[in-house]
Amino acid sequence: LKAGTIEFNGGGISCTLRNLSEAGAALEVVSPLGIPQEFNLFIEADSARRKCAVVWRRERRIGVVFV
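Residues numbered from 1 in each chain as written. Predicted model: local features only at pLDDT ≥ 70, side-chain atom pairs only at ≥ 80, totals over all residues. Heavy atoms only, no water.

### A word on the nonpolar core
- Counting 16 residues, the largest nonpolar core has Ile-6, Cys-15, Leu-27, Phe-39, Leu-41 and Val-64 as its most contacted members.
- Going through the elements one at a time, strand 1 (2–8), strand 2 (11–18), strand 3 (24–28), strand 4 (38–43), strand 5 (48–57) and strand 6 (61–66) are the ones with two or more residues in this core. (Core = buried A, V, L, I, M, F, W, Y, C linked by side-chain atoms within 4.5 Å. Buried < 20%, exposed > 50% of the residue type's maximum accessible area, 1.4 Å probe, protein only. Helix = DSSP H or I, 4+ residues; strand = E, 2+ residues; numbered from the N terminus.)

What follows is the structure, encoded as structure tokens:
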């Protein structure tokens, strides 16, 4: 598990990365409402920023692929 920030429109939403791979990740969030289809993901532990596209949404999780 790693801490991350979903970044869009000049702001950010905290998340927890789960099932991280080279292709994408599952992100745990308080609520997926208002999170756009594409955004930047900042991974704090790695000081890395990845462009993401949402492929699925569930109650408190979002599945993304890195683009």
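### A few points about the pairing of strand 4
- Burial along strand 4 is one-sided: Phe-39, Leu-41 and Ile-43 are buried, and none of Glu-38, Asn-40 and Phe-42, which face the opposite way, are.
- Sheet topology places strand 4 next to strand 5; six bridges connect them, and they run antiparallel. Across the sheet, Phe-42 pairs through a bridge with Arg-49, a residue of strand 5.
- Connecting the antiparallel pair strand 4 and strand 5 is a turn made up of four residues, with Ser-47 showing a positive phi of about 50 degrees. (Pairing = 2+ DSSP bridges.)

### Regarding the pattern of salt bridges
- Here the structure, examined in full by the defined rule, presents five salt bridges.
- Salt-bridge contacts for Arg-18 lead to Glu-28; the nearest nitrogen and oxygen are separated by 2.6 Å. Here the residue Arg-18 occupies a position in strand 2, and Glu-28 occupies one in strand 3, the gap between them amounting to 10 residues.
- Taking relative accessible area as the criterion, Arg-18 reaches 25% and is therefore assigned partly exposed.
- Ionic pairing is found between Glu-38 and Lys-51, a salt bridge with its closest N-O pair at 3.8 Å. Note that Glu-38 is positioned in strand 4 and Lys-51 in strand 5, a separation of 13 residues in sequence.
- For Glu-38, a relative accessible area of 47% corresponds to the partly exposed category.
- Shared partners join several salt bridges into a network, and the residues in it are Arg-18, Glu-28 and Arg-61. (Salt bridge = Lys/Arg side-chain N within 4 Å of Asp/Glu carboxyl O.)

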